[in-house]
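Letter by letter, the chains look like this.
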Amino acid sequence: MTPKNALLRVVTGHGILPRPWWVERALTMFDVRRTRIDLSRLSDDRLRDIGLTRDDVIAEMARPIWDVPRHWRRGRHVRC
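None of these values were measured; they are calculated from a predicted model.

Glancing now at the overall build of the protein. Counting its regular elements, the protein contains 5 helices and 0 strands. The order of α-helices and β-strands along the protein, N terminus first, is α-α-α-α-α. When burial is assessed residue by residue, the protein has 14% of its 80 residues classed as buried. The contacts of the protein with a sequence gap of at least 6 include a subset with a gap of at least 24, amounting to 50%.

Tallying each qualifying case throughout the model produces 6 salt bridges. For E60, the salt bridge identified is with R36, shortest N-O distance 2.8 Å. Note that E60 is positioned in helix α4 (residues 54-62) and R36 in helix α2 (residues 21-40), a separation of 24 residues in sequence. The exposure class of E60 is partly exposed, given its relative accessible area of 22%.

Right, let's get into the packing of α2 against α4. Running from N to C, α2 and α4 point in directions that differ by 155°, and their axes come no closer than 10 Å. As the angle between them shows, α2 and α4 are arranged roughly antiparallel. The way α2 lies across α4 gives a crossing that is left-handed. Residue-level contacts link R33, R36, I37, L39 and S40 of α2 to R54, V57, E60 and M61 of α4. Considered class by class, the residues forming the contact of α2 with α4 number 4 nonpolar, 1 polar and 4 charged.

What counts and how
- Residues numbered from 1 in each chain as written.
- Predicted model: local features only at pLDDT ≥ 70, side-chain atom pairs only at ≥ 80, totals over all residues.
- Heavy atoms only, no water.
- Helix = DSSP H or I, 4+ residues; strand = E, 2+ residues; numbered from the N terminus.
- Buried < 20%, exposed > 50% of the residue type's maximum accessible area, 1.4 Å probe, protein only.
- Contact = heavy atoms within 4.5 Å.
- Salt bridge = Lys/Arg side-chain N within 4 Å of Asp/Glu carboxyl O.
- Axes fitted to C-alpha atoms, helices over the stretch in contact; angles between N-to-C directions.
- Parallel < 35°, antiparallel > 145°, perpendicular 65-115°, else oblique.
- Left-handed = near helix turned anticlockwise from the far one by under 90°.
- Nonpolar A, V, L, I, M, F, W, Y, C, P; charged D, E, K, R; others polar.

Any functional reading would require information beyond the geometric quantities listed.
Below, the structure is given as structure tokens:
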């Protein structure tokens, strides 16, 4: 296995050792940010289809990157 593949296996959580909690937390924050950006790019019609308004999206975008629903943090090894 090359060093590059070994690093990829650790980062994606498929290595022998589990990811450290801080790596898991950082990846979660990046996912939250990306999801919020994707949400902000939806048209008003599509937002209405999923039961949201533009104001809901603005409020979601204003939340800190580490602010995630409590149930995301339960039962995981991520320290929040």
